[in-house]
Amino acid sequence: EELARELHDTLAAQLSSLSLHAGALELTVDGKDERAAAAARAVRETAQGSLDELRNVVQALRNPAANGLSTGLAEITGLVDETLHDGVDVRAQVILSDPASCDPQVAHACYRIVQESISNVRRHAPGAAIRIDIRGNPDLGVTIAATNWLAKNSQPSSVGGSHGLTGMNERVALVGGSFQAGPTSEGTFSVMAWLPWRPVRQ
């Protein structure tokens, strides 16, 4: 509960302020500079989306028994579409049989792995294309492969502490899957994960 309060009181206030300022900027440049208006709109929508997700996290921390998993396999295509709209070169193939039959915890972990893989490319290899291949069914489980070329001349947009890779590994381990990530001999960075297709609990 203390952690939930700290998250809400710090991040929620900052994200709300960011969304407010981005909205004001959007109104200021609207009609004058379409690219600036689109960028401001993207910042505002991202801040609002992050605020909504933060509220879900806070709710889950305050009530662990409740199911606060709002994203899963069905939302992955929407995530890819949003990323493409933001100008990231994402080449995705998603082949899933009956995604609604997959346990929400496994499905949510899959979504987060794809989301974090995309975020890692944006942070550490901006401008690089990312290939994502997701296949799954109740018999074989879910396999996720995300690969991008290592950028040689581009500068990372931010500096991370490997927390994203650690978090992905932990999510996969919690549901009994396997995970590996790292540079390859072909000059790419690869994320590979397999997660069991657990049925929805009745």
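1. Comments concerning helix α4 (residues 104–124)
One turn of an α-helix holds 3.6 residues; hence residues three or four places apart share an orientation.
Thought 1: Between its first and last C-alpha atoms α4 spans 30 Å; for 21 residues at 1.5 Å apiece the expected length is 30 Å, and the two agree.
Thought 2: Capping the start of α4 is the job of one residue whose side-chain oxygen sits 3.1 Å from the backbone nitrogen of Gln105: Asp103.

2. Observations regarding unusual backbone geometry
Thought 1: For Asp98, which is not glycine, the phi torsion reads 50° and is therefore positive.
Thought 2: Its place among the elements puts Asp98 in the loop between β1 (90–96) and α4.

3. Quick look at a nonpolar patch on the surface
Thought 1: A surface patch of nonpolar side chains, about 240 Å² in accessible area, is lined by Leu3, Val57 and Leu61.
Thought 2: Here Leu61 lies in helix α2 (residues 34–62).
Thought 3: A residue is classified by how much of its surface remains accessible, and Leu61, at 34% relative accessible area, is partly exposed.

4. Describing the sheet that holds strand β5 (residues 188–195)
Thought 1: Pairing is mixed in the open sheet, where five strands are placed in the order β1-β2-β3-β5-β4. The strands lining the two open edges of the sheet, one partner per strand, are β1 and β4 (178–183). On average, each strand axis in the sheet is tilted by 5° relative to the strand beside it, whichever way the strands run.
Thought 2: In the sheet, strand β2 (residues 130–137) pairs with strand β3 (residues 141–149) via eight bridges, with the strands oriented antiparallel. Directly across from Arg135, in β3, lies its bridge partner Thr143.
Thought 3: Across the face of the sheet, helix α5 (residues 163–174) comes into contact with β4 and β5 while running at roughly 160° to β4.

Quick notes on the rules
Residues numbered from 1 in each chain as written. Predicted model: local features only at pLDDT ≥ 70, side-chain atom pairs only at ≥ 80, totals over all residues. Heavy atoms only, no water. Helix = DSSP H or I, 4+ residues; strand = E, 2+ residues; numbered from the N terminus. Expected span 1.5 Å × (residues − 1). Polar contact = N/O pair within 3.5 Å; in protein donor to acceptor, adjacent residues only side chain to side chain. Patch = residues over 30% accessible without salt bridge, like charges linked within 9 Å, V, L, I, M, F, W, Y side chains within 5 Å. Areas by Shrake-Rupley, 256 points an atom, 1.4 Å probe, with all protein chains shown as cover. Salt bridge = Lys/Arg side-chain N within 4 Å of Asp/Glu carboxyl O. Buried < 20%, exposed > 50% of the residue type's maximum accessible area, 1.4 Å probe, protein only. Pairing = 2+ DSSP bridges. Axes fitted to C-alpha atoms, helices over the stretch in contact; angles between N-to-C directions. Contact = heavy atoms within 4.5 Å.

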